[in-house]
Every structure is written in structure tokens, then in C-alpha cells.
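What follows is the residue order along each chain.
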Amino acid sequence: MQEDQRVFDVAVVGGGLGGTMLAAILARHGVRVLLLEGSGHPRFAIGESTVPETTFGLRVLARRYDVPEIEHLATNGALRRHVSSNCGVKRNFSFVYHREGEPTRAEECTQYPTWGPPLGPDSHYLRQDVDAYMFHVAVSYGATAHTHTVVDDVKFEENGATIVTRDNGTFQASYVVDAGGVRAVLPERLGLRQEPPYRTRSRTVFTHMVNVRPFDTVAPPRRLHGMPSPFSQGTLHHLFPGGWFWVIPFDNHSAGTSELCSVGVNLDLDRYPRPEGEGAEEEFWRHVRRFPSVAAQFERARAVRPYVSTDRTQFSSRTVVGDRWCLLPHASDFIDPLFSSGLAVTVMTLNALSHRLIDAVRHDDFDPTRFAYLEEWIKRMFRFYDDLVSCSYVAFDDFELWNAWNRVWTITTLYGTNAQNQAAVAFEKTHDPASFDALETPPYRGLQGVDNPWVEQLFNRSRDAVLAYRDGQLTKDQAVERIFTLLRESELCPAVWGTLDPEDRCPSGVFTLWPLMKILLWGKFRSPRHVRGAYFTGGARLVGKEAAQVYGAELRRGVSQVHQTARDMWCNWNRDWAHRPTSRDIRMKK
Ligand SMILES: Cc1cc2nc3c(=O)[nH]c(=O)nc-3n(C[C@H](O)[C@H](O)[C@H](O)COP(=O)(O)OP(=O)(O)OC[C@H]3O[C@@H](n4cnc5c(N)ncnc54)[C@H](O)[C@@H]3O)c2cc1C
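Residues numbered from 1 in each chain as written. Predicted model: local features only at pLDDT ≥ 70, side-chain atom pairs only at ≥ 80, totals over all residues. Heavy atoms only, no water.

Novice: What is the right way to read the pairing of strand 13 (residues 235–240) from this model?
Specialist: The two faces of the sheet receive side chains in turn, since in a regular strand these alternate between them. A large share of strand 13 lies buried, amounting to six of its six residues. Residues of strand 13 alternate between two faces, with Thr235, His237 and Leu239 on one and Leu236, His238 and Phe240 on the opposite face, all of them buried. Here five bridges tie strand 13 to strand 14 (residues 243–249), and the two strands are oriented antiparallel to one another. Bridge assignment links His237 to a residue of strand 14, and that residue is Trp246. Linking strand 13 to strand 14, which pair antiparallel, is a turn of two residues; within it Gly242 sits at a positive phi near 85°. (Buried < 20%, exposed > 50% of the residue type's maximum accessible area, 1.4 Å probe, protein only. Helix = DSSP H or I, 4+ residues; strand = E, 2+ residues; numbered from the N terminus. Pairing = 2+ DSSP bridges.)

The following block contains the structure:
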């Protein structure tokens, strides 16, 4: 290898989804970027369910940094067409409550639908396909990438770092981003790992299965449960005191090509310590058998890869940013799979990190103060998700408590998602990437609306009510009543939602075009002063325009497919090669 092929501006250690997206963006902007992945592609990875803040954040990332391939991950239609038909659709988050030894009760479930087209729906990523796709996108933009190259050490010098691989190769880089996930090299080499300062204490057993039945075939009939979206077309959470199962099907739509379903059980570590002498598989099935409706769903299921059983799922690093290095969130901390926050925090970080790195390379100035924003907001989001998840484990004690607490999350999600949309709408009007600077300005920083004092106050006070219940200072009924009072007093709940009615267990309703318009109208004309003007200020035109574009593109694609098939039946010659999209090389030279 020539010497100049070993010297880079930025080295990204870890070629998962986070590392590959970063490498693609940096390479797109002329940064000399090295991407090192310890295994090969495709390879198994966990982190499969997206949330609206992930997909809205991906759209922002794609437009802000002009990497349209990232936008293919943002809606399920584009994902299936451009990336992999092995991915599943996520039209909802469903939460079904279970009592040991009893079939689930029709009225004990809640649901939060994801957005309909053109801004949704969300997806279940078969990560091996999605990560491999993004790895190739990074390479095609000019990143120098090596698979099967484990980084064993990084030595920092005054002007950069030497990256040492397991086969004793070395690379030089001015800056190192560790995107290595839980087993990242820098936290270990720099002694960053610490006892997780989190209230959440859980562990996980998970695998991939085939033959998992759609829950709609074993659940009570729709006329009784009343949820608007099929359970099997979303991420299904089976809740029980002290734990929950995830069911993430990849085989849940008519155009799907996968038969897989990701499943896992998460357990409160103190209530369910790791059993001595019981394997992961035995333990998984023991919990399945406790709940008849879950057992019915898994009746014919079998695992197609080894079960993984973790110790405490939470891990943490003292710091995220240092002199000439930083960690992506999953290399730094993790809370729990509940609410699928991992990729959302990663995408938020990539949005804030990429322009800082591009600028640092241009000025050859990697002063850690340039990256201080990341330290603050990554850690703040982990603290938020720790509160959200730990209180959820408390709320799993009782369906009514869950039914109240879960509404607080629907509100934080609404404001978090809308913050991203505000920036996207501004960009649509101006086509100026500076529109996205708003995402690093109050009240839009971070995720889940935490930067907005009203949202933060609602969240913190509701959290305190759940903790007071846990500590025996409030009864369950008192905690539930307090949360509903806080929701009402906050005035943050759109009047078109059923949030204040405990009987309405899908309080947001659905996010198809007309209900979306109603939220926008509420925001524009009827919302309180602390909402009006800052949220829901526009978007109807953007949504309308994108809906028309998506509809037109689908029509053209269908017609073109029929035309090609008919043509190929009669004729051998064609000019398809003349209609290929402009290559990345040519686009970048423009
Ligand atoms: C049980 C569980 C369930 C989860 N479920 C969800 C979910 O539903 N939704 C969600 O959004 N998030 C979820 N997450 C979080 C999600 O997995 C992460 O946020 C996401 O994978 C982060 O992507 P990444 O690319 O930063 O890291 P990873 O996907 O972990 O990729 C890290 C890569 O770095 C490579 N690597 C590591 N060390 C080295 C080295 N020394 N040298 C070279 N290469 C190296 C690895 O081989 C790997 O390919 C879950 C996490 C867990 C633990």
C-alpha cells in the first residue's frame, strides 16, 4: 500500500450504520476518510426498529449534507425499493399488556401509529442489508474502506493519531471517530468505561426466528381492542410486570422477501437476575410460556441463529469527546431497546458532528471545544431515555399506570418530531443548509422536545409521579390522576387528540393526510401561546408537494416496469443504459 493511502483527515473505526453514514457524508464533502470495519458485510447487527425521530433525522441528514442515498432509509417505500425488500414495515408501536397465566385482555393495549406516506411509514431494518448498503455508499463517495480489519489500538500524538490494526498495520489520521458500538476500542484503551449512572437496570435475551405468527391471528378481535393499525404491521411490545418482549417482523408486508422476525425479552435485572445453570434459549421460552397469548404467537416459531443473552444492557463512558477523538453514541452509552432510541440518538449526533468535522478539517483545527455541544446533548439524551425507560419498567406493574405514562412519551415524541420538521420546512423554502442550524438552537436541540421548557416540565413532573408511586408515596390511582392533570395543564396535547381521555388507547389517532392537517390547523390557530409560532407553523405545502411527488414516482415506476416487461418479450435491444441515474462521481464534480 502506498504511503499516501495510509494518511487521512478522519478515521472512522466501525463500519456499522453510524460509521458508514458518517464516512459517506465526510467523503461527499471532500474529507479524506478512512473506514475500518472489524468484520465483513453483510453481517448481523441489532438495532432494527426505527422511530419517527430517526427517519425525520435521516431526511434532514440527507438534505443537509446532500447525500440522497441516506434518504432511502427514511421511508419504508424507498427502503424496500432502493435498499432491501428484506426489511419490514413499521406502521405503529403497539403495546399489549399481559398477566401471568391469562390471555391478554382486549382493552389492555395501547398504540401509537407512525406517519403515513410521504413522510413515513417507519421501518424494521434488516441491519445486515442496510449496513452493507450504506457501506457501499460510503465507498462510492470516495471513503477508503477496509473490512476484516480490527483496530486494536489508537495512539494519540500532538498532530493526530496512529491507528494500529490487529494484523499490525498502521494508518495516520488527524481525528478519530469511534463508531465501534458496545465493544468499541477507544473507551477501553482510554479507560472511559464507568459504572452506568442510570436508574434502568435490565438485561436482554434475543434472536431471529421464523414462523412467528402475526399477533392479529391470536389477539382479541379488532372490534374489541379498537386499535387502528394491525399489530403485525409494527413493532409489537408485549409488556408484563418487570419486563417486555419485542417482536419486530421483517415478513409483514405483501412485497416482502424475508421470513425472519426479530424477537427478544428484556428483564428487570433485580426482579429477574440471570439464572444459574439455565441457558438463554430455555430462559426465553420459560418467559414465553408464562403468557398464553405470547405462547400462542410463538407456537410454531423457531430460532434461526444462536440466542444472545446479555448481562446488564446499560453501559456508559465518562466522556464522549476528547483531544482529537469522539465516540458515536453507541460506543459511549446505551440504556435499553425500549422506545428504539439508539438510532435516533446516533442520527441526531451525525447531524451535529458532520458539519463540525468538515469545518475542523478545512481549518485544520480540532480543538475539543468545537465538539463540546456533542458531549452535552448526547449525555442529556441518555439521561432522558434513562428516565423514560426506568419509569416504564415501573409502569409495567399496572396497565392503568402504563396507559397514563405512555401518553407523556407520545407528547414528547410529537414535539421532538415536529422540531425536525420545522427545520425541514424552512429548508424546503430556502434550500439553504443553514436552515438546519435551528436544530442546534433552543427550543429544538436534542430529541423528544426536551429543550422546550414546557415539554421538559411535563416530562419531569410526570416522571416524579411515577417515582413517587414506586417509592410508596403515591398510590397507583393518585399517580395516574397526577399524570392526567399534568397533561391537561401543560396544554401541549393537540385538541384533536384523545390524550386526556383514558379510554382512548390510541390517543394520537393516525398520521394519515387529513388527521395531519388537523394537527397543523390546531397548531396554527388553536394551540396555546407557548406552542403557537414555534411548532406546527407550516408543512402542509411540503407534505402536499411530497405526497404528489411520491404518488407520481410510484405511477411512473409501475408504468415503466410494465413497459419493460412487455418490450423484453418482443425485442432484445434497448437503451436502458442511457437512462441510468447520474453517477455519484459526476454529481460530486458539479
Ligand atoms: C439489544 C439491543 C436492541 C436494540 N434495538 C434497537 C432498536 O430497535 N432501534 C434502535 O434505534 N436502536 C436499537 N439498539 C441500539 C442500536 O443497536 C445502536 O444504536 C446502533 O446499532 C448504533 O449503530 P453503530 O453503527 O453506531 O454501532 P453498531 O451497529 O454496534 O456497529 C459497530 C461496528 O463497529 C465494528 N467494530 C467494533 N469494534 C471495532 C474495532 N475495534 N475495529 C473495527 N471495527 C470495530 C463492529 O464490527 C460493528 O460492525 C439496540 C441495542 C441493543 C443492544
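Novice: How should I be thinking about the site of the ligand in this particular structure?
Specialist: Near the ligand there are 32 residues, and of these Gly18, Glu37, Ser49, Arg127 and Leu343 occur at the shortest range. Gly38 places a polar main-chain atom, nitrogen or oxygen, 2.9 Å from a nitrogen atom of the ligand. In the environment of the ligand, a nitrogen atom lies 2.9 Å from a nitrogen or oxygen atom belonging to the backbone of Ser49. Contact with the protein chains removes 89% of the 990 Å² of surface that the ligand exposes when unbound. Looking at the shell around the ligand, its residues break down into twelve nonpolar, 15 polar and five charged. (Near = heavy atom within 4 Å. Polar contact = N/O pair within 3.5 Å; in protein donor to acceptor, adjacent residues only side chain to side chain. Areas by Shrake-Rupley, 256 points an atom, 1.4 Å probe, with all protein chains shown as cover. Nonpolar A, V, L, I, M, F, W, Y, C, P; charged D, E, K, R; others polar.)

Novice: Would you mind going over helix 15 (residues 476–490) with me for this structure?
Specialist: Within an α-helix, residues lying three or four positions from one another point in the same direction, as the helix has 3.6 residues per turn. With 15 residues, helix 15 should cover 21 Å at 1.5 Å per step; its first-to-last C-alpha distance of 21 Å lies within 8% of that length. Every buried residue of helix 15 is accounted for by Lys476, Ala479, Val480, Ile483, Phe484, Leu486, Leu487 and Ser490. The buried residues of helix 15 occupy an angular sector of 155° when the element is viewed end-on, so they sit on one face. More than 90 degrees from the buried face of helix 15, the exposed residues found are Glu481 and Glu489. Summarising the contacts, the buried residues of helix 15 are in contact with helix 13 (399–430) and helix 14 (453–470). (Expected span 1.5 Å × (residues − 1). Arc of directions from axis to C-beta. Contact = heavy atoms within 4.5 Å.)

Novice: Whenever I open this one, the side chain of His98 confuses me. Can you help?
Specialist: In this fold, His98 is placed in the loop between strand 4 (92–97) and strand 5 (109–113). Only 2.8 Å separates the side chain of His98 from the side chain of His238, close enough to count as a polar contact.

Novice: Is there a simple way to explain the side chain of Asp386 in this structure?
Specialist: Among the structural elements, Asp386 can be located in helix 12 (residues 372–395). No salt bridge is formed by the buried Asp386; its nearest oppositely charged neighbour, Arg199, is found at 4.9 Å. For Asp386, the contacting residues outside a window of four places in its chain are Pro197, Tyr198, Arg199, Thr200 and Ile335. (Lys, Arg positive; Asp, Glu negative; His and termini not counted. Salt bridge = Lys/Arg side-chain N within 4 Å of Asp/Glu carboxyl O.)

Novice: I keep staring at a nonpolar patch on the surface and nothing clicks. Help me out?
Specialist: A cluster of nonpolar side chains, Trp514, Leu521 and Phe525, forms an exposed patch at the surface whose accessible area comes to about 380 Å². Among the structural elements, Leu521 can be located in helix 16 (residues 513–526). (Patch = residues over 30% accessible without salt bridge, like charges linked within 9 Å, V, L, I, M, F, W, Y side chains within 5 Å.)

Novice: What is the right way to read empty space enclosed by the protein from this model?
Specialist: The gaps left among the atoms become clear once a water-sized probe is rolled over them. Evaluated as defined, the whole model comprises six cavities of 30 Å³ or more. Of the voids in this model, the largest cavity is the one considered here, and its volume is about 170 Å³. Residue lining of the largest cavity: 19 residues in total, with Met348, Asn351, Ala352, Leu439 and Gly446 positioned closest to the centre. Contributing elements (two or more residues each) for the lining of the largest cavity: helix 2 (52–64), helix 11 (341–363) and helix 12. Among the elements that take part in the lining of the largest cavity, helix 11 stands out by supplying six residues, more than any other. In the lining of the largest cavity, the residues fall into eleven nonpolar, five polar and three charged. Taken domain by domain, the makeup of the lining of the largest cavity includes at least three residues from each of domain 1 (1–82 + 126–194 + 318–393) and domain 3 (407–538). Of the voids in this model, the second largest cavity is the one considered here, and its volume is about 110 Å³. (1 Å grid on protein atoms, 1.4 Å probe; cavity = no way out; pocket = protein on both sides within 12 Å on 5 of 7 lines; lining within 4 Å. Points joined across faces, edges and corners; volume = space filled by probe spheres on them. Domains from an automatic or database assignment.)

Novice: Honestly, the state of the cysteines in this entry has me stumped. Any pointers?
Specialist: As used in these notes, a disulfide is a covalent bond between sulfur atoms, one from each of two cysteines. For the structure on display, the rule yields zero disulfides. Cys506 supplies the cysteine sulfur nearest to Cys109, a cysteine that is in no disulfide, at a spacing of 9.5 Å. Judged by relative accessible area, which is 2%, Cys109 ranks as buried. (Disulfide = S-S within 2.5 Å.)

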